[in-house]
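# Architecture and fold: a report
So you can see what is in the structure, the chains are spelled out below.
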Amino acid sequence: MSERRPRPAARNGKRSVWRRALTPPAEPPAALPAPLTHPPSAEPADTGSVVQAALYRDGVRVSTPASLADTFRELRDQPDGMAWIGLARPTEAELLSLAAEFDLHPLAVEDAMEAHQRPKLERYGETLFVVLRAARYLDALEEVDFGELHVFVGPDFLITVRHGAAPDLSAVRRRMEDTTELLKLGPEAVLYAILDSVVDGYVPVVSGVQNDIDEIETEVFRGDPAVSRRIYELSREMVEFQRATRPLVGMLHALMAGFAKYGTDEELQRYLRDVADHVTHTSERVDGFRQALADILTVNATLVTQQQNAEMRALAEAGFEQNEEIKKISSWAAILFAPTLVGTIYGMNFDHMPELHWLLGYPFAVLLMAAVCTSLYVIFKRKDWL
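The notes below deal with the structure included here.

Rules behind the numbers
- Chains are numbered independently. Their residues run from 1 in the order of the written sequence.
- Only residues with pLDDT of at least 70 get local features here, since the model is predicted, and only at 80 or more are side-chain atom pairs given and counted; chain-wide, interface and lining totals rely on the full set of residues.
- Water and hydrogen atoms were dropped before computing side-chain values, which therefore reflect all heavy atoms in the structure.
- The nonpolar core is taken to be a set of buried Ala, Val, Leu, Ile, Met, Phe, Trp, Tyr and Cys residues, with the residues joined through side-chain atoms within 4.5 Å.
- Buried means the residue's accessible area, taken with a 1.4 Å probe over protein chains only, is under 20% of the maximum for its type, while exposed means over 50%, and partly exposed covers the values in between.
- Secondary structure elements follow DSSP: runs of H or I no shorter than four residues count as helices, runs of E no shorter than two count as strands, and numbering proceeds from the N terminus.
- For two strands to be treated as a pair, DSSP must find no fewer than two bridges joining them.
- Note on ring pairs: Phe, Tyr and Trp rings are taken, using the six-membered ring of Trp, and paired if centres are within 6.5 Å. Classes follow the plane angle, with under 30 degrees stacked, over 60 edge-to-face and the rest tilted.
- Ring-over charges, as used throughout, are those where CZ of Arg or NZ of Lys falls within 6 Å of the ring centre and within 35 degrees of the ring normal.
- This arc corresponds to the set of directions leading from the helix axis out to the C-beta atoms.
- As a rule, the C-alpha atoms of each element are fitted with a line to give its axis, helices using only the stretch in contact, and angles between N-to-C directions run from 0 to 180 degrees.
- Each angle receives one of four descriptions, namely roughly parallel if under 35 degrees, roughly antiparallel if over 145, roughly perpendicular if within 65 to 115, and oblique otherwise.
- Crossings are sorted by hand: turned counterclockwise from the far helix by less than a right angle, the near helix makes the crossing left-handed, and turned clockwise it makes it right-handed.
- By definition in these notes, contact holds between two residues if any of their heavy atoms fall within 4.5 Å.
- Think of it as three bins: nonpolar holds Ala, Val, Leu, Ile, Met, Phe, Trp, Tyr, Cys and Pro, charged holds Asp, Glu, Lys and Arg, and polar takes everything else, Gly as well.

### Re the nonpolar core
Leu132, Met176, Ile194, Leu195 and Phe241 are the most contacted members of the largest nonpolar core, which has 57 residues in total. In terms of nonpolar packing, the next biggest core, distinct from the first, is built from 23 residues, Leu55, Leu98, Ala108 and Val131 among them.

Here it is as structure tokens:
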């Protein structure tokens, strides 16, 4: 964090090379954004331009300029003031005008334009550039929604560039304006409040995810066929959540390492240490969620495999029983076929048939059928077909 210093000389006269490259030579006034149209008390989530700009002195709001041009002019006239500018999904012209006025580094401006950045903390001269990933839990959809926030912190200004619905910076502004002693500490205190808001926003997300995991465990042992997809989707959200929280631990430790160098207020140091503790706790919970989901996925795969094995065993048993029935039917069919064959032959009623007029022909045929049937019955019985 940077201590309060006089405004750069380039603000009043000589411009840097970066500012000269950013400022169009032909129409400098037209490049400025349109006047603010939103009420000063709200920072809506779905606006597409400048949300609010305000000037503070000794922790008290002294002005709410109607445009960025007015903000720049009034800040020049108040060297001991601080500008807090909030933007939501800003245009390129707005970012370029801010970069030209506050000597923002082109790499940081490029990151703020493109968004989709990982959480990080970088220092460019007297300006600190912070990228945060906020999160909120959507109860209706039972999923986690992530937003992205870029913060430029200078000696006498703080700029927030929000991509997404979270976090609610209007609540942060109200909190700071109600806490004059904290806001009096300057842009570093506002950065703390933003960090604290982002980290506090993780708490309901952690609670919602914990409830989801409890429900998933119940569904797994209930045999819900759709649970595998839910586990996979929640695992992906936890990967994003982990990417949002894990870098914050190192970022806050880097801030704490610079306390002595940049003369950070002792009370502010305590607040930042508290935020670091909360981030560490949240990061550990998220790591635990990922491990729990991996274990649940393994258990679910085991249960599915066991269910499939049970179904295969049942099919095999059913097939075995069916084969036994077929054996019995086939055995009796074979036994009954022998007398049917003999009876059919002797029932042809021809005059010239062997033993047709033999006195013992009928008893012989009956005994022959009985002998064949008995022999077949014994054979099938020995083979356990009957």
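There is more to say after this.
### Regarding the pairing of strand S7 (residues 157-163)
By the criterion of burial, S7 is predominantly enclosed, with seven of the seven residues buried. Of the two faces of S7, the one lined by Phe157, Ile159, Val161 and His163 and the one lined by Leu158, Thr160 and Arg162 are each fully buried. Both strand S6 (residues 143-153) and S7 contribute to a ladder of six bridges, which runs antiparallel. Bridged to phenylalanine 152 within S7 is isoleucine 159. Two successive antiparallel strands, S6 and S7, enclose a turn made up of three residues.

### Digging into the packing of aromatic side chains
If you walk through the whole model with that rule in mind, you get eight aromatic pairs. What links up through ring pairs into an aromatic cluster is the set Phe72, Phe102 and Phe157. One residue, arginine 173, lies across the ring of tryptophan 84, its end atom 4.3 Å from the ring centre.

### Focus on the environment of arginine 118
Looking at where arginine 118 falls in the secondary structure, it is placed in the loop between helix H4 (106-114) and strand S4 (120-124). Considering only alpha carbons, one finds arginine 118 and arginine 133, 15 residues apart in sequence, at a separation of 7.7 Å.

### Observations concerning H4
Buried residues of H4: Ala108, Val109, Asp111 and Ala112, and no others. Projection of H4 onto a plane perpendicular to its axis shows the buried side chains occupying an angular sector of 160°, all on one side. Just beyond H4, the residue with positive phi is alanine 115, at close to 60°.

### Some words on the pairing of S4
Pairing analysis gives five bridges linking S4 to strand S5 (residues 127-138), with the strands arranged antiparallel. Paired with glutamate 122 across the strands is phenylalanine 129, a residue of S5. Adjacent in sequence and paired antiparallel, S4 and S5 are bridged by two residues, among which glycine 125 carries a positive phi angle near 65°.

### Some details on the packing of helix H7 (residues 187-222) against helix H8 (residues 227-257)
At a closest axis distance of 11 Å, the pairing of H7 and H8 adopts a crossing angle of 155°. Here H7 is positioned roughly antiparallel relative to H8, judged by the angle of their axes. The crossing of H7 and H8 is left-handed. Side by side, H7 and H8 meet where Leu195, Val199, Tyr202, Val205, Val206, Val209, Asp212, Ile213, Glu215, Ile216, Glu219 and Val220 of the first sit next to Val227, Arg230, Ile231, Leu234, Met238, Phe241, Ala244, Thr245, Leu248, Leu252 and Leu255 of the second. Its residues placed into classes, the contact of H7 with H8 shows 18 nonpolar, one polar and four charged.

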